[in-house]
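Breakdown of the fold
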Amino acid sequence: MTLTHSPAGSATRRPRGAARQSRAGMAFVAAYVVLLIAFGVLPTGYAIYFAFTDAGGTFTGFSNFVTTAQDFRFLDAVGHVALYLVFWLLSLVVFVVALALLLHRLSSGSTSRTLRFLYYIPGALAGAASVLVWLFMLDPTVSPVSSLLEALGFDTFGEVIAPGNLPVLFTIIAFWTGAGGWIVVMYGALNNIPTDVMEAARIDGANAWQTAWHVQIPMLRKWIVYMVILAFAGGAQLFVEPQLLSLASVGTAGRDYSLNQLTFDFAFQMNNINGAAAVSVELLVVSVSAAALFVARSGFFDAD
């Protein structure tokens, strides 16, 4: 046992186990901080340095930002990513919350465990692998759902991946890959709602819809905000899906569809590392600003 003193001067005892847990926690946090600095802070600082300098290391102010913004592909890429984010975030919030609520109502049987497993399986695939699966699914000549594609009026792969269809296609791919994990997270959050709150709703005569809308969804608010913040940051960095689709379609989908593709093109096709860094910094600023807005408007850190 270790002896500590309270502010009033009285002696209290703290178990040695608590001290060991505290040291273990400090060790884990220290390891995270080291990794954060090595793979987060330092690369970010390096990108910011490149964004405000030229190839010779001379400070150029905002010239790299102006140059990239004047590129004829920049505004189109911004519009593409913005439209994709609208589809992606709306589908994520609506369907993830709805499916988690339905899953929670089935929590008493083996059906719930099976569904949780099935929801999570697509997330085990890497982004590139999931896109390759969807390339197969979207080709009417080989797809197992070719009859559905033909019923929708698509007879060739090129018709399916027409530029106007890409935001919806990327949303479907992203949802299939990433929504399952969030459904499981929301399901766990629903299980943490106190049973007396649910019992009070039932005693007051609330049906399933009223309980979900007035009790469960408000108590999921912070989890939903957390999901939206991470989904926004990930969606703004759209790259793998359009890049692989562009290669598979021999450029039909466009190699500069998203801002990250444009960054890749600046860096490795045009040898303009500084311009690529400028676009990357812009994506960082937008993601951080959006996260700050979500946190501020939702009261994310307010005590319940």
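Refer to the structure printed above.
A short tour of the structure in this document, coming up. (Residues numbered from 1 in each chain as written. Predicted model: local features only at pLDDT ≥ 70, side-chain atom pairs only at ≥ 80, totals over all residues. Heavy atoms only, no water.)

1. Structural notes on the overall build of the protein
- Per the secondary structure count, the protein includes 14 helices and 2 strands.
- Buried residues in the protein amount to 34% of all 304 residues.
- Partitioning the contacts of the protein with sequence separation of at least 6, the portion at a separation of at least 24 is 62%.
- Accessible area of the protein: about 17700 Å², with a carbon and sulfur share of 68%. (Helix = DSSP H or I, 4+ residues; strand = E, 2+ residues; numbered from the N terminus. Buried < 20%, exposed > 50% of the residue type's maximum accessible area, 1.4 Å probe, protein only. Contact = heavy atoms within 4.5 Å. Areas by Shrake-Rupley, 256 points an atom, 1.4 Å probe, with all protein chains shown as cover.)

2. Re the environment of I173
- Along the chain, the position of I173 falls in helix α8 (residues 166-191).
- Classification of I173 as buried rests on a relative accessible area of 6%.
- Through-space distance from the C-alpha of I173 to that of E241 is 8.1 Å; in sequence the pair is 68 residues apart.

3. A short note on unusual backbone geometry
- For N271, which is not glycine, the phi dihedral falls at a positive 55 degrees.
- Mapped onto the elements, N271 comes out in the loop between α13 (259-268) and α14 (273-298).
- The exposed category is assigned to N271, whose relative accessible area is 67%.

4. Focus on the pattern of salt bridges
- Summed over the entire model, instances satisfying the criterion amount to 5 salt bridges.
- With its nearest N and O atoms 2.7 Å apart, the salt bridge here joins R202 to E199. Here R202 pairs with E199, and both are found in helix α9 (residues 195-203), just 3 residues apart, close to one helical turn.
- By relative accessible area, R202 is classed as partly exposed at 48%.
- Residue classification places E199 among the partly exposed positions, given a relative accessible area of 39%.
- Across the pair R255 and D265 runs a salt bridge, and its minimum N-O distance is 3.3 Å. Residue R255 is found in the loop between α12 (240-248) and α13, and its partner D265 is found in helix α13; the two are separated by 10 residues along the sequence.
- Looking at R255, the relative accessible area reads 47%, which means it is partly exposed.
- Its relative accessible area of 3% is what places D265 among the buried residues. (Salt bridge = Lys/Arg side-chain N within 4 Å of Asp/Glu carboxyl O.)

5. Overview of the packing of aromatic side chains
- Inspection of every chain in the model, using the stated rule, returns 14 aromatic pairs.
- Each ring, one from Y46 and one from F50, has its centre 4.8 Å from the other, and the planes form 80 degrees; the classification is edge-to-face. Of this pair, Y46 and F50 both sit in helix α1 (residues 16-51), 4 residues apart, which is roughly one turn of the helix.
- Judged by centre distance (5.7 Å) and plane angle (65 degrees), the rings of Y49 and F50 are edge-to-face.
- Residue Y49 is classed as partly exposed on the basis of its relative accessible area of 43%.
- Overall, F50 belongs to the partly exposed group, its relative accessible area being 22%.
- The structure contains a cluster of three or more aromatic residues connected by ring pairs, namely F52, F59, F62 and F65.
- Its end group placed over the ring of F266, R73 keeps NZ or CZ at 5.7 Å from the ring centre. (Phe/Tyr/Trp six-rings, centres within 6.5 Å; stacked < 30°, edge-to-face > 60°. Lys NZ or Arg CZ within 6 Å of the ring centre and 35° of its normal.)

6. Notes on the side chain of T211
- Relative to the assigned elements, T211 resides in helix α10 (residues 208-219).
- Those residues in contact with T211 that sit more than four places away from it in its chain are M198, A201, A206 and Q216.

7. Here we look at the packing of helix α3 (residues 74-105) against α10
- Where α3 contacts α10, the axes come no closer than 12 Å and their chain directions differ by 115 degrees. Both α3 and α10 take part in a crossing whose hand is right-handed. On the side of α3, the interface is formed by V97, L101, H104 and R105, while α10 contributes A208, A212, Q216 and I217.
- Considered class by class, the residues forming the contact of α3 with α10 number 5 nonpolar, 2 polar and 1 charged. (Axes fitted to C-alpha atoms, helices over the stretch in contact; angles between N-to-C directions. Left-handed = near helix turned anticlockwise from the far one by under 90°. Nonpolar A, V, L, I, M, F, W, Y, C, P; charged D, E, K, R; others polar.)

8. Points about the nonpolar core
- Among the nonpolar cores identified, the biggest contains 56 residues, and W88, L92, V96, L166 and L245 are the most heavily contacted of them.
- The element best represented in this core is α3, accounting for 13 residues.
- Filtering out sequence-adjacent residues up to four positions away, L245 remains in contact with L135, F157, I161, L166, F170 and A253.
- Judged by nonpolar contacts, the second largest core, of 5 residues, contains A51, F65, A277 and V281. (Core = buried A, V, L, I, M, F, W, Y, C linked by side-chain atoms within 4.5 Å.)

9. A look at α8
- Taking 1.5 Å of rise per residue, the 26 residues of α8 would be expected to cover 38 Å, and the 37 Å separating its terminal C-alpha atoms lies within 8% of that figure.
- Along α8, the sharpest kink reaches roughly 45 degrees, centred on G178. (Expected span 1.5 Å × (residues − 1). Bend = angle between axes of the 7 residues up to and from the residue.)

10. A look at a nonpolar patch on the surface
- A surface patch of nonpolar side chains, amounting to about 640 Å² of accessible area, comprises V29, Y32, V33, L36, I37, V41 and L42.
- Checked against the element boundaries, L36 lands in helix α1.
- In this structure L36 comes out as partly exposed when scored by relative accessible area, which is 39%. (Patch = residues over 30% accessible without salt bridge, like charges linked within 9 Å, V, L, I, M, F, W, Y side chains within 5 Å.)

Any functional reading would require information that these geometric values do not contain.
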